[in-house]
Amino acid sequence: IARLGATTKGDADAWGLRGALAFLAGSYIAAGLSKVGSASWWDGENLRLALAMATDIYPDSVWLGLRQSLADTTWLTPLLAALTVAIECGGGALLMGSPRARMWAGTALVCLHLGIFITLGVLFPEPLLLLPLMTWPWTTRAPQVATLVVATATPQRWSDPVIAVAALVAAA
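Residues numbered from 1 in each chain as written. Predicted model: local features only at pLDDT ≥ 70, side-chain atom pairs only at ≥ 80, totals over all residues. Heavy atoms only, no water.

Caption draft 1: Structural detail: the nonpolar core. Counting 20 residues, the largest nonpolar core has Leu24, Tyr28, Leu51, Leu95, Leu109 and Leu131 as its most contacted members. Those elements giving two or more residues to this core turn out to be α1 (9–36), α3 (45–57), α4 (64–72), α6 (99–120) and α7 (125–135). Ranked by the residues each element gives to this core, the list is headed by α6, at 6 residues. Each residue touching Leu24, except ones within four places of it in the same chain, is listed here: Leu95, Leu131 and Met134. (Core = buried A, V, L, I, M, F, W, Y, C linked by side-chain atoms within 4.5 Å. Buried < 20%, exposed > 50% of the residue type's maximum accessible area, 1.4 Å probe, protein only. Helix = DSSP H or I, 4+ residues; strand = E, 2+ residues; numbered from the N terminus. Contact = heavy atoms within 4.5 Å.)

Caption draft 2: Seen up close, the environment of Gly121. Tracing the sequence through the fold places Gly121 in the loop between α6 and α7. For the pair Gly121 and Tyr58, spaced 63 residues apart in the sequence, the C-alpha separation amounts to 7.8 Å. The contacts of Gly121, once residues within four sequence positions are left out, are Tyr58, Arg67 and Ile116.

Caption draft 3: Molecular detail of the packing of α3 against helix α5 (residues 76–94). Relative orientation of the contacting elements α3 and α5 amounts to 105°, with a least axis distance of 8 Å. Here α3 lies roughly perpendicular to α5, going by the angle between them. Contact residues: α3 offers Leu47, Arg48 and Leu51, while α5 offers Thr77, Pro78, Leu80 and Ala81. Of the residues belonging to the contact of α3 with α5, the class tally is 5 nonpolar, 1 polar and 1 charged. (Axes fitted to C-alpha atoms, helices over the stretch in contact; angles between N-to-C directions. Parallel < 35°, antiparallel > 145°, perpendicular 65-115°, else oblique. Nonpolar A, V, L, I, M, F, W, Y, C, P; charged D, E, K, R; others polar.)

What follows is the structure in structure tokens.
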């Protein structure tokens, strides 16, 4: 790592973060590009069929009405499919950008995965954990969060973990 310009532990950590982000970015860009060449993806047919299958697989789901409505709305599924490709390709590319671009890309990709889970019932836990950890500015907010947690938390209360999580979310 020293040959690549990393002279301190912080520099080495930055290289590790960049490598992990490059791997994630490549994965999302490859997923988006694989959809670009598929005609059934652009006309929304793949998404409509997936929604119909999810409706059959999870008939007792809270999201059944949403799935059926989306599957029946022929004009919306091509738009959602195009948005998916844009988020995967664009978000993947932005993961290698500035910290602000990474934060927005990470947020968009987390929303994409939450939408996939809600509409199709498919959960991808790794990106839902890794994207916020690697793209949101936790380290720049850590002193503010620590001060807020110490100022608001009383020892021995059941709500201390809740306050800590709320403080992290508020500071991000």
